[in-house]
Structures are given as structure tokens and as C-alpha cells.
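Now for the letters of each chain:
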Amino acid sequence: MENIKKLQVKCVGINDFGQGEAFLDKKKKIVIPYMLPKELGTIEYDKYTERCKLIRLEKESNIREKPKCDIYQKCGSCQLLHMRYQEQLNFKKDLVNRLFKEEKIPFSFKEILESEKKSAYRNKMQVAYKLNKDQKIVYGFYEEDSHKVIPLDTCLNQSNYQNEIAHAIALIMRELRIAPYNEDKRIGVIRFALIREAFKTNQILVTIVTNGEMFPARSEFVKRLRARCPYVTTIIQNYNSRKTSIILGDTERVLYGDGFIEDYLCGIKFNISSKTFYQINPLQAERLYNKVSEFGEFTKDDVVVDAYCGVGTIGMSVADKVKHVIGVENNKNSVQCAKMNANLNKIKNVEFVLDDATDYLVKLAKNNAKIDALIMDPPRSGSTVNFLESVKKLKPKKVIYVSCDPHTLVRDLKTLLTDYSITNGALVDMFVGTYHVECVVCLERR
Ligand code: SAH
């Protein structure tokens, strides 16, 4: 292909997504995934798309280590697997501190809480089943931004149980001649398996997503899965015949067990079904929530708003220290779950409101509501100007901002800093091997 050129380049930097950077002809910046600063390597450069692919390293960085996964570059989920763990932590901390400095935000993070589990930290595994070219049933994750399944044997980020179950399903499909779904022809039976594991209770939920209600040899399948993986505590069939990349359909049927599992986060019990949002790395989530509680220095007189509350985890984890918690969340399922979880734990001083967080805060500000502290944990896109301006009108003593994207965090902090000062902050590594970093920032009203 004439658009592809082979070149030797020296990597001179790393971008915010952990990709190497180099210059072509000393002026054009190019991005080379999986290359590290100071490395010398041969790449393939596509003139049209400007995409680069590292094909050989002539000089390796001393922060490089041999990745423990053979397919991570194809899969794309772990962008930093070739970097030593301590260096991953440095990369994350330096990135956030640099963004703060660039925007003149007067705070610098000293610590990043490392993940105790460097592998098998995820409590959820989602795999697609396919026939490969040799008509063999394979399973794996989707390649980034595509519908191509990258066949997998075991994924390091998942537990042994989760990997064993994904594998057992493929074996049983072969034994019982159950066809995997074919996306183009829209035929076949099994599309995905969603495996969720409660690390505190060892309960495991397996959801088999089928192309409609038909599931030939269903009871034999369940029998064999239980025999091969006796630690599975419940099995669900979910029907999804739609042409969509969304994994779960609306209708479900419990094939074995209760249809949900129970887990504990910060000592609070949560019922998790196939569709419930739940923290993926629960050990680190607990440490994150503990930081929120520590920074909050809550008292029994405090009224606290937990904005973007999901299933209410953060608000419930501080409920015993405060007078009242109001959680606000715009996802109906999550609010239902939050209410159910509060009942389950007999937590009486929390309420959950189904609303857009901005609309709700604007209303609170209009009504001159009295709130003492605000916790906010927005999605990657961050919050809105109207939300932040309403916070300033409401004048809570403290704002605790939990963020999964430091770029939008920095943008939002700038709006708050006219009235608030940053008094504390911590970084938490939730996703080992990736560029993602979780930030908690505590602001106090001046
Ligand atoms: N605090 C929770 C969830 C954080 S994820 C936890 O720690 O588990 C961010 C949440 O914000 C998601 O539950 C998402 O549904 C919700 N969300 C996104 N946009 C929103 C909006 N405009 N108003 C209210 N909630 C929103």
C-alpha cells in the first residue's frame, strides 16, 4: 500500500491518553500508541489517516516492562500495560498536576492511592461470542470503536472465576451445538455473557444474552454451566434481538438462583442485578469514598447533597455521620436501586430525587435551600456552568468533587474558585494498566 510509509522515529513525549509522541521532519507531531518517551522505533505511518503503528523497537525505555498480555494492543483497553506500575502512577499524578498548573489552579496532588490488586481487579466481565474463520466458537472483547471481536483466552483484569466462566460457556456451546450470534445475518443464539462477581460475598451472576427468547437446550446448558462452575450463584437469560451495540435487552428470565447478587461497599449492602450500575473496582471505590468522608469532616447537623449519585453509594456511605442526604440522579433505574438499597440497609436519613442535576440545583438555589456540603461525581463530561453557579448561590461550606476526567475537573474548578479554595485532594488508581485516573478535590468556602 503506497499510503503506508515505514519510518524510524524517536519518541519525545507522551500525551494525556498514554500514547507516545514524535515529530515527522522535525515539525509535524505524530501520535504512536504503545511507545514511550526516549524510545527509538520503527513505525508504519499512514499518510492519509496519519495513524501510526509501532512495529519494532530499536531502543527501549527503562520504564518499559514486558506486558503480561499478548493481545493488549489489539484489544485497546489497557493503554499503559507496557509501563512499570510505579511509572503508571507517576504518569497519572504528573498528568493531573500539569493540567492544574497549566490552568493556574493552586493545588498539587502529593499522593495517588495505588491499587492493591494489580490484576483481577474488575468485578464485571462482558464478552461476545462469535464463530471464527475456522467455524470455531471464540469469545472476547470488542476492538476499540469497532464490532470486531478480539478472541481472548484469559484477561488479566478479570478474576480466575470470571475467565473460567467465559471459557466454560464456549465449551458448553460447542458440546450442545448452540450457535453464537452472527451480527450480519442476525441469526444464531448466544450473543454475549455478562459476568458479575461480588468480591465480598463471593456470589456470581451470569447473564446469557440471547438473540430473542429462543434458547435451545436451555436447561441442559444451565445444568452443565453449574456443573463446570459450581461457584456461579445465579444465571439469567436476557433477550436482545435488536440490531444494536447495547448489550442487554429489556426482558429477562431467571434460569437459576435469585437473579441478583449481594455485595458490600463501605459496610453497606447492595443488591446487584444484570442492569444495576455498580463500581467496577470496588476495593478502590471504597478507598475513594473514604477520602470523601475524610475530607468532608461531616457533623450530625449537616445536610448534604450527593449530586450525580448513581445508586446512592457515596451518599449512603456518609449517611451515619450527617443529618440528612439528598441524592440526585437522572437515571431512573439507578434511582430505583438507590431507594431499594437505602431500605435494604434501613438507612432512614437519605432521599433520592430523579432529576437532572443542574435543574435540581437551580431549583434549590431559587428556593434558598440550606445545604452544608455538596458531593458531586459527574460523568466524564463534567458538570455545567449553571450547576456550578447554583452551588455558589447555595453557599455550602464544602464542595467535594469526585472526577473521572481531570480535563473537565479543571474546567469546572475554575468556575468554583471565585468563591472556594482547594484545601485537600487525592488521586486514586482505579484502573491499572489504563490512562484513567480518579480525582477527589475538597473545596472550602472563603
Ligand atoms: N456517584 C456514583 C455514580 C457516579 S457516575 C458512584 O460513585 O457510583 C455518574 C452518574 O451521573 C451516573 O449515574 C449518571 O447516570 C449520572 N448523570 C449523568 N448526567 C446526569 C445529569 N445531567 N443529572 C443527573 N445525573 C446525571
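Before any of the text, the structure's been laid out above.
Residues numbered from 1 in each chain as written. Predicted model: local features only at pLDDT ≥ 70, side-chain atom pairs only at ≥ 80, totals over all residues. Heavy atoms only, no water.

A.B. asks: Looking at this structure, how should I read the site of the ligand?
C.D. replies: The full set close to the ligand counts 16 residues, and Tyr-289, Glu-329, Asp-356, Ala-357 and Asp-377 are the nearest of them. Taking Gln-279, its side chain carries an N or O atom lying 3.0 Å from an oxygen atom of the ligand. Between Asn-330 and the ligand, the recorded distance is 3.2 Å, taken from a backbone N or O atom to a nitrogen atom. If the ligand stood free it would expose 580 Å²; the protein chains cover 83% of that surface. In terms of residue class, the shell around the ligand is built from seven nonpolar, five polar and four charged. (Near = heavy atom within 4 Å. Polar contact = N/O pair within 3.5 Å; in protein donor to acceptor, adjacent residues only side chain to side chain. Areas by Shrake-Rupley, 256 points an atom, 1.4 Å probe, with all protein chains shown as cover. Nonpolar A, V, L, I, M, F, W, Y, C, P; charged D, E, K, R; others polar.)

A.B. asks: Looking at this model, I keep getting lost on the packing of helix α8 (residues 357-366) against helix α9 (residues 385-394). Mind explaining?
C.D. replies: The description of two helices packed together rests on the angle between their axes and the distance between the axes. Taken N-terminus to C-terminus, the directions of α8 and α9 make an angle of 25 degrees; their axes are 8 Å apart at the nearest point. Of the possible angle classes, the one that applies to α8 and α9 is roughly parallel. The element α8 and its partner α9 pack so that their crossing is left-handed. Together, Ala-357, Thr-358, Leu-361, Val-362, Leu-364 and Ala-365 of α8 and Asn-386, Phe-387, Ser-390, Val-391, Lys-393 and Leu-394 of α9 make up the contact between the two elements. Tallied by class, the residues present in the contact of α8 with α9 amount to eight nonpolar, three polar and one charged. (Axes fitted to C-alpha atoms, helices over the stretch in contact; angles between N-to-C directions. Helix = DSSP H or I, 4+ residues; strand = E, 2+ residues; numbered from the N terminus. Parallel < 35°, antiparallel > 145°, perpendicular 65-115°, else oblique. Left-handed = near helix turned anticlockwise from the far one by under 90°. Contact = heavy atoms within 4.5 Å.)

A.B. asks: Mind showing me how you'd approach the nonpolar core here?
C.D. replies: Generally speaking, soluble globular proteins have nonpolar side chains that are buried together. Formed by 45 residues in total, the largest nonpolar core has its most connected members in Phe-100, Val-305, Leu-374, Met-376, Phe-387, Ile-422 and Leu-443. In terms of residue count, helix α2 (residues 85-102) provides more of this core than any other element does, six residues in total. Residues in contact with Leu-374, not counting those within four places in the same chain, are Val-305, Leu-361, Phe-387, Val-391, Pro-396, Lys-398, Val-399 and Ile-400. In terms of nonpolar packing, the next biggest core, distinct from the first, is built from 39 residues, Tyr-278, Leu-288, Tyr-289 and Val-322 among them. (Core = buried A, V, L, I, M, F, W, Y, C linked by side-chain atoms within 4.5 Å. Buried < 20%, exposed > 50% of the residue type's maximum accessible area, 1.4 Å probe, protein only.)

A.B. asks: Help me understand the sheet that holds strand β4 (residues 28-32) in this model?
C.D. replies: Spatially, β2-β3-β4 is the arrangement adopted by the three strands of the open sheet, whose pairing is antiparallel. Edge positions in the sheet fall to β2 (13-14) and β4, since each has one partner strand and no second. The pairing of strand β3 (residues 20-24) with β4 spans five bridges and is classified as antiparallel. Note on β4: the bridge partner recorded for Phe-23 is Lys-29. (Pairing = 2+ DSSP bridges.)

A.B. asks: Looking at this model, I keep getting lost on the sheet that holds strand β6 (residues 52-59). Mind explaining?
C.D. replies: Here three strands make up an open sheet; going across it, the order is β1-β5-β6 and the pairing antiparallel. Only two strands of the sheet have a single partner each, and these edge strands are β1 (4-10) and β6. Strand-to-strand twist of the sheet, defined as the mean angle between neighbouring strand axes without regard to direction, takes the value 25 degrees. Across seven bridges, the pairing between β1 and strand β5 (residues 40-46) is antiparallel. Looking at the pairing, Lys-6 lines up with Glu-44 of β5.

A.B. asks: What should I look at first to understand the state of the cysteines in this one?
C.D. replies: Linking two cysteines covalently via their sulfur atoms produces the bond known as a disulfide. As enumerated under the stated definition, the model contains zero disulfides in all. The thiol sulfur of Cys-52 is not disulfide-bonded, and the nearest other cysteine sulfur, from Cys-11, lies at 11 Å. In this structure Cys-337 is a free cysteine whose sulfur lies 11 Å from that of Cys-309, the closest cysteine sulfur available. (Disulfide = S-S within 2.5 Å.)

A.B. asks: Just to check I follow, could you spell out α2 for this structure?
C.D. replies: The α-helix winds at 3.6 residues per turn, so residues separated by three or four positions along the chain end up facing the same way. Given a rise of 1.5 Å per residue, 18 residues ought to cover 26 Å, and the 26 Å separating the end C-alpha atoms of α2 matches this to within 8%. Among the residues of α2, Tyr-85, Gln-88, Leu-89, Phe-91, Lys-92, Leu-95, Val-96, Asn-97, Leu-99 and Phe-100 are the ones counted as buried. Taken together, the buried residues of α2 touch β2, β7 (112-113), α10 (406-416), β22 (420-428) and β23 (438-445). Remark: Lys-104 follows α2 within two positions and exhibits a positive phi of approximately 55 degrees. (Expected span 1.5 Å × (residues − 1).)

A.B. asks: Is there a simple way to explain unusual backbone geometry in this structure?
C.D. replies: Note on backbone geometry: most residues besides glycine have negative phi, and most peptide bonds are trans. The phi dihedral of Gln-135 falls on the positive side, at around 65 degrees, and the residue is not glycine. Secondary-structure assignment places Gln-135 in the loop between β8 (124-131) and β9 (137-142). Owing to a relative accessible area of 56%, Gln-135 belongs among the exposed residues under this scheme. For Arg-186, which is not a glycine, the phi torsion comes out positive at approximately 55 degrees. Secondary-structure assignment places Arg-186 in the loop between α3 (160-176) and β11 (190-198). Overall, Arg-186 belongs to the partly exposed group, its relative accessible area being 37%.

A.B. asks: Help me understand the environment of Phe-199, please; the structure alone is not making it clear to me.
C.D. replies: Position of Phe-199 relative to the elements: it lies in the loop between β11 and β12 (203-210). Sequence separation between Phe-199 and Lys-93 is 106 residues, and the spatial gap between their C-alpha atoms is 28 Å. Apart from the residues within four sequence positions on either side, Phe-199 is in contact with Lys-117, Ala-120, Tyr-121, Arg-122, Asn-123, Gln-162, Asp-263 and Pro-282.

A.B. asks: When you look at the pairing of strand β19 (residues 350-354) in this model, what are you seeing that I'm missing?
C.D. replies: Each regular strand carries side chains that alternate between the two faces of the sheet. Taken together, the five bridges between strand β18 (residues 324-329) and β19 define a ladder with parallel strand orientation. Its bridge partner lying in β19, Ile-326 is registered against Glu-351. What joins β18 to β19 is helix α7 (residues 332-344), and the crossover it makes is right-handed. (Right-handed = clockwise from strand over helix to strand, strands pointing away.)

A.B. asks: I keep staring at the pattern of salt bridges and nothing clicks. Help me out?
C.D. replies: As a working rule, side chains carrying opposite charge can pair if their charged atoms are close by. Scanning the entire structure with this criterion turns up 27 salt bridges. One salt bridge connects Lys-363 with Asp-355, and the closest N-O pair in it is separated by 2.7 Å. What makes Asp-355 buried here is its relative accessible area of 15%. In this structure, Lys-370 engages Asp-372 in a salt bridge whose closest nitrogen and oxygen atoms are separated by 2.7 Å. Overall, Asp-372 belongs to the buried group, its relative accessible area being 10%. (Salt bridge = Lys/Arg side-chain N within 4 Å of Asp/Glu carboxyl O.)

A.B. asks: What is the right way to read the packing of aromatic side chains from this model?
C.D. replies: Each aromatic ring pair is described using two quantities: the centre-to-centre distance and the angle formed by the ring planes. Under the counting rule described, the total for this entry stands at 11 aromatic pairs. Counting every residue linked through ring pairs, the aromatic cluster contains Phe-100, Phe-107 and Phe-109. When the ring centre of Phe-199 is taken as reference, the NZ or CZ atom of Lys-117 above it lies at 3.8 Å. Sitting over the ring of Tyr-181, Arg-191 keeps its end group 4.1 Å from the ring centre. (Phe/Tyr/Trp six-rings, centres within 6.5 Å; stacked < 30°, edge-to-face > 60°. Lys NZ or Arg CZ within 6 Å of the ring centre and 35° of its normal.)

In short, shape yes, function no, at least from these values alone.
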